[in-house]
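# Remarks on the overall topology
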Amino acid sequence: MVAENVDLLNRDPNNLNDQIQVMFDDVIGEPEGAYSIDCSFKLAYTCYNLCKALAYKITTCLYGCPLAIFWGCLFAGIAFCHIWLCTPTFKVLALNCSLCRKCFTMCVDCIGGPLCETFSLCFSRIKVTNASE
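Here we summarise the structure given alongside this text. (Residues numbered from 1 in each chain as written. Predicted model: local features only at pLDDT ≥ 70, side-chain atom pairs only at ≥ 80, totals over all residues. Heavy atoms only, no water.)

Bringing unusual backbone geometry into the picture now. At Asn 15, a position not held by glycine, the phi torsion is positive, near 55°. Tracing the backbone shows Asn 15 in the segment before α1 (24-27). (Helix = DSSP H or I, 4+ residues; strand = E, 2+ residues; numbered from the N terminus.)

Pasting the structure below:
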């Protein structure tokens, strides 16, 4: 886990944040008939991009590392819980459920099977006829 291997050109290779559209053209659009003065629109474009870039860089400098530590610890904790708690617990449940399944299958085979066979023999002689008037 060396920072030298980080791809600085494509920082979202899995497209996790495709829904975030924050370019000027994604946020500001003047419909035909409501155009501002060209120099005003260009100045707004420049101000928007500079302020967005500066604000993002400042907030990432202030909160990026602490949040990375938080998320890293959180996902490490989740991985720990799954590896050391959830998976062994489900393994114990699967083992116990297989024992319960064997007991249930034996009971059904010993009791349910003969009962069903007996009832089927009793009702096998019943004939249903459809009487029409």
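All right, on to the packing of aromatic side chains then. All told, the structure shown has 6 aromatic pairs when counted by the stated rule. Where Phe 24 meets Tyr 45, the ring centres are 5.1 Å apart and the plane angle is 85°; that geometry is what we call edge-to-face. Of this pair, Phe 24 sits in helix α1 while Tyr 45 sits in helix α2 (residues 38-123), and the two are 21 residues apart along the sequence. Three or more aromatic residues joined by ring pairs form one cluster here, namely Phe 24, Phe 41, Tyr 45 and Tyr 48. (Phe/Tyr/Trp six-rings, centres within 6.5 Å; stacked < 30°, edge-to-face > 60°.)

We now examine the state of the cysteines. Summed over the entire model, instances satisfying the criterion amount to 0 disulfides. Considering cysteine sulfurs only, Cys 81 is the nearest to Cys 86, which forms no disulfide, with 6.4 Å between them. A residue is classified by how much of its surface remains accessible, and Cys 86, at 27% relative accessible area, is partly exposed. The thiol of Cys 122 is not disulfide-bonded; the next cysteine sulfur, from Cys 116, is found 12 Å away. (Disulfide = S-S within 2.5 Å. Buried < 20%, exposed > 50% of the residue type's maximum accessible area, 1.4 Å probe, protein only.)

A separate point is a nonpolar patch on the surface. Together, Leu 54, Ile 58, Leu 62, Tyr 63, Leu 67, Phe 70, Trp 71, Leu 74, Phe 75 and Ile 78 make up an exposed nonpolar region whose accessible area comes to about 1000 Å². Note on Trp 71: relative accessible area 42%, which makes it partly exposed. (Patch = residues over 30% accessible without salt bridge, like charges linked within 9 Å, V, L, I, M, F, W, Y side chains within 5 Å. Areas by Shrake-Rupley, 256 points an atom, 1.4 Å probe, with all protein chains shown as cover. Salt bridge = Lys/Arg side-chain N within 4 Å of Asp/Glu carboxyl O.)

What follows deals with the environment of Pro 66. Structurally, Pro 66 is set in helix α2. Look at Pro 66 and you get partly exposed, because its relative accessible area is 46%. Pro 66 sits 28 residues away from Ala 94 along the chain, and the two C-alpha atoms are 40 Å apart.

Spatial relationships are all this shows, so hold off on functional conclusions.
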